[in-house]
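# Per-entry structural report
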Amino acid sequence: MPVLGMTGRWPGFVPAAVAFAVTLAVTWLIEAAARSGETGGPIGGLVLLVLLPAPLLLAVMWGGAVLTARPTALVVAGAAAWFGATVALFAFDAVWSLGGQVAGGALAGWALVRRWRLDAAIIVVSLALLPPLIWSGVEMSPDEQIDALSREMLKAAEERMPQAADATQRERALATERENIARVSAAAKKMYPFFVGLGLLGQAIIILAGLWLLARAVGAESSPWRLPPFPRWRLPFYVVWTVIAGLGLFLTRWSPLCDAGLNLALLGALVLSIQGIAVQVFVTNRMLSPVGRVVYWAVMGMFFAPLVVVSGVVLGLADQWWDIRRLDAPPASEGPQNDAGDDGDDAPTDRN
């Protein structure tokens, strides 16, 4: 079931073969740069810096292979060949550095071909990206990673100390710095799953967006992901239950469940705040002139960004229950204001 209208321009095996070859080459580069960095060579660090966006680009490439390869089973064969070659040529750890991107990209392509709902595609791709993070946590626990980062931060603070300061002043300043770093480290350890979940969702969205753009660039026949204008965005109601479940676990006050609930509630609330911000855009589009909107959002973004997010959570919850924007109401019931078209919000919205 091809999505693209230009798949006939090359043999069906080419996309999977190209994805295999490029991924194997990038794996070799990453391994060589890592070994160079361990021996103190400056080139290794520079290569790794250049290759930072490579995993996401590879994921989009594997998604594009799913869209264009014929048959699609060739993509599975290409991924299996990369896995076997990587294990044979490098350490098994090298598989985990890019394995999640290969799986996530292929699943993103499958989601586009099979016309999955966008939220389902984001969740599935995020889960595919999780195993490499679990593996890195096995190799070095999150607490150890944060402690190592804390030591680097303290070392940097010591190097920034003025040379003219006497020993007493330096020790007092370092003691204050240690206390601050310790507080930040304790909070980071408690909220580590939240940051991991946020990073996974962000990567999944970038991969899906890149794949969608790639599909359109090479001649997509259609796309299942047609978002309404931002003022009409509404998230699935299960996001509300995610926040409620997290708060319920947090209220147990039993440390493992309490910490899990805190991270779940924070992640759900942050996602829900997107809908609340859409409500704010909806309202400001009707109340302010174009110039007034620019001034309003510039001021709020620069000086009151936390307030925008917190109010977004509240408005998102309220909109889920009370439909503040009346998205479910028939167009005629919204009156003549509907003709103004300031926000271009005449596109249908999926309640589910």
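For clarity, every value in this text was computed on a predicted model and none was experimentally measured.

## So, unusual backbone geometry
At the junction of Arg70 and Pro71, the peptide bond is cis and its omega measures out at -5 degrees in the coordinates. We note that Asp323 has phi near 50 degrees; this positive angle belongs to a residue other than glycine. Relative to the helices and strands, Asp323 is located in the segment after helix 14 (305-322).

## Here we look at the packing of aromatic side chains
Across all of its chains, the model carries six aromatic pairs by this definition. Each ring, one from Trp96 and one from Trp135, has its centre 5.3 Å from the other, and the planes form 10 degrees; the classification is stacked. Here Trp96 is found in helix 5 (residues 93-113), whereas its partner Trp135 is found in helix 7 (residues 130-139), with 39 residues between them in sequence. Given the relative accessible area of 26%, Trp135 is considered partly exposed. Three or more aromatic residues link up through ring pairs in this structure, and these residues are Phe237, Trp241 and Trp321. Directly above the ring of Phe282 sits Arg286, whose terminal nitrogen or CZ lies 4.1 Å from the centroid.

## Describing the confidence of the model for the chain
Looking at the chain as a whole, its pLDDT mean stands at 85, while 86% of the residues score no less than 70. Across residues 1-7, where pLDDT falls below 50, the model places 25 contacts with residues more than four positions away in sequence or in other chains. Scored below 50 in pLDDT, residues 333-352 makes 33 contacts in the model with residues more than four places away or belonging to other chains.

## With respect to the nonpolar core
The biggest cluster of nonpolar side chains holds 38 residues, and the ones touching the most others in it are Val75, Val125 and Leu208. Per element, the largest residue contribution to this core is eight residues, and it comes from helix 5. Every residue in contact with Leu208, bar those within four places of it in the chain, is listed here: Ala108, Leu118, Ala121, Ile122, Val125 and Trp225.

## Regarding the packing of helix 4 (residues 73-89) against helix 5
Two elements in contact, helix 4 and helix 5, have axes separated by 10 Å at closest approach and are oriented at 170 degrees. Taken together, the axis directions place helix 4 and helix 5 in an arrangement best described as roughly antiparallel. Contact with helix 4, carried on its side by Ala79, Trp82, Phe83, Thr86 and Val87, involves Ala94, Val95, Leu98, Gly99 and Val102 of helix 5 and no other residues of that element. Taken together, the residues that form the contact of helix 4 with helix 5 break down as eight nonpolar, two polar and no charged.

## Side note on the pattern of salt bridges
Across all of its chains, the model carries seven salt bridges by this definition. Close ionic contact of Asp323 with Arg234 constitutes a salt bridge, the shortest N to O distance being 3.4 Å. Of this pair, Asp323 sits in the segment after helix 14 while Arg234 sits in the loop between helix 10 (192-217) and helix 11 (238-250), and the two are 89 residues apart along the sequence. Grouping residues by exposure puts Asp323 and Arg234 together as buried. Connected through salt bridges with shared partners, the residues Arg234, Asp323 and Asp328 form a single ionic network.

## Re helix 11
For helix 11, spanning 13 residues, the distance from its first C-alpha to its last is 18 Å, which sits close to the expected 18 Å at 1.5 Å a residue. Within helix 11, burial applies to Val239, Val240, Val243 and Gly246. Seen along its axis, helix 11 keeps its buried residues to an arc of 125 degrees; they face one direction. Against helix 12 (255-287) and helix 14 lie the buried residues of helix 11.

## A word on helix 5
With 21 residues, helix 5 extends 31 Å from end C-alpha to end C-alpha; this agrees with the ideal 30 Å at 1.5 Å per step. Of all the bends found along helix 5, the most pronounced is centred on Gly99 and spans about 40 degrees. Looking one or two places after helix 5, you find Arg115, whose phi comes out positive at around 60 degrees.

What counts, and at which threshold
Residues numbered from 1 in each chain as written. Predicted model: local features only at pLDDT ≥ 70, side-chain atom pairs only at ≥ 80, totals over all residues. Heavy atoms only, no water. Helix = DSSP H or I, 4+ residues; strand = E, 2+ residues; numbered from the N terminus. Phe/Tyr/Trp six-rings, centres within 6.5 Å; stacked < 30°, edge-to-face > 60°. Buried < 20%, exposed > 50% of the residue type's maximum accessible area, 1.4 Å probe, protein only. Lys NZ or Arg CZ within 6 Å of the ring centre and 35° of its normal. pLDDT = per-residue confidence, 0-100. Contact = heavy atoms within 4.5 Å. Core = buried A, V, L, I, M, F, W, Y, C linked by side-chain atoms within 4.5 Å. Axes fitted to C-alpha atoms, helices over the stretch in contact; angles between N-to-C directions. Parallel < 35°, antiparallel > 145°, perpendicular 65-115°, else oblique. Nonpolar A, V, L, I, M, F, W, Y, C, P; charged D, E, K, R; others polar. Salt bridge = Lys/Arg side-chain N within 4 Å of Asp/Glu carboxyl O. Expected span 1.5 Å × (residues − 1). Arc of directions from axis to C-beta. Bend = angle between axes of the 7 residues up to and from the residue.

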